[in-house]
Amino acid sequence: MSLPSYLLKKGYQKKKLTLTKTSHFKTSAKINGIKGSFIVDTGASNTCIDINLIEYFNLISEESDTKAAGAGATDMVTQVSKKNTIKIGKWKSKKNSLVIFDLSHVNEALTNHGAKPVHGIIGADILKKGKAVIDYNTKLLFLK
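Let me begin by describing the structure that accompanies this report.

1. Topic: the pairing of strand β11 (residues 140–143)
A two-sided burial pattern is seen for β11, the buried positions comprising Leu-140 and Phe-142 on one face and Leu-141 and Leu-143 on the other. The pairing of strand β1 (residues 13–16) with β11 spans four bridges and is classified as antiparallel. Its bridge partner lying in β11, Lys-15 is registered against Leu-141. Relative to β11, strand β10 (residues 133–135) is paired through three bridges, and the arrangement is antiparallel. Considered in β11, the bridge of Asp-135 is made with Leu-140. Between β10 and β11, which pair antiparallel and follow one another directly, the connecting turn spans four residues, one of which, Lys-139, has a positive phi of 55 degrees.

In structure tokens:
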């Protein structure tokens, strides 16, 4: 039995991943019912949204003491938005917190390598919540 068949039999939902020119996996997801494009990043502890998209995703943000770091940038000021719904394919999760900060450095790195910019990053918090399995061979993300 293949891994996808096994996981589907166990009640997982599958979602297609696209490999970008930077070798990152990307997928679409809905935040509060609004579709966006996201990098799937197992090394990112939190799911993040670009600060310029607060209104686009209908986020209610508040100040945060947490500083963000990653992809060559450190000590970035963040905001947090609580009680958000995330839908990835048929998998759905409510009451999620999202970290909001300037992702221009991420999008600049993507576009410099010929990849399209993203709205945010699906991080380990959501991947853990969904008991995620990434099948690199079939380019599928499984969530339960």
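2. Some words on a nonpolar patch on the surface
On the surface, Met-1, Leu-3 and Tyr-6 cluster together into a nonpolar patch covering about 350 Å² of accessible area. Examined against the element boundaries, Leu-3 turns out to sit in helix α1 (residues 3–9).

3. Overview of the environment of Val-106
Mapped onto the secondary structure, Val-106 falls in helix α2 (residues 104–112). Taking the C-alpha atoms as reference points, Val-106 and Lys-35, separated by 71 residues in sequence, lie 19 Å from one another.

4. Quick notes on a positive patch on the surface
Where like charges cluster on the molecular surface, the positive patch consists of Lys-30, Lys-35, Lys-83, Lys-87, Lys-92, Lys-94 and Lys-95. For the positive patch, the secondary-structure elements that each account for two or more residues are β7 (73–88) and β8 (91–101). If one sorts the elements of the positive patch by residue count, β8 sits on top with three residues. Examined against the element boundaries, Lys-35 turns out to sit in strand β4 (residues 34–40). Note on Lys-35: relative accessible area 53%, which makes it exposed.

Scoring rules and cut-offs
- Residues numbered from 1 in each chain as written.
- Predicted model: local features only at pLDDT ≥ 70, side-chain atom pairs only at ≥ 80, totals over all residues.
- Heavy atoms only, no water.
- Buried < 20%, exposed > 50% of the residue type's maximum accessible area, 1.4 Å probe, protein only.
- Helix = DSSP H or I, 4+ residues; strand = E, 2+ residues; numbered from the N terminus.
- Pairing = 2+ DSSP bridges.
- Patch = residues over 30% accessible without salt bridge, like charges linked within 9 Å, V, L, I, M, F, W, Y side chains within 5 Å.
- Areas by Shrake-Rupley, 256 points an atom, 1.4 Å probe, with all protein chains shown as cover.
- Salt bridge = Lys/Arg side-chain N within 4 Å of Asp/Glu carboxyl O.
- Lys, Arg positive; Asp, Glu negative; His and termini not counted.
- Charge placed at Lys NZ, Arg CZ, Asp CG, Glu CD.

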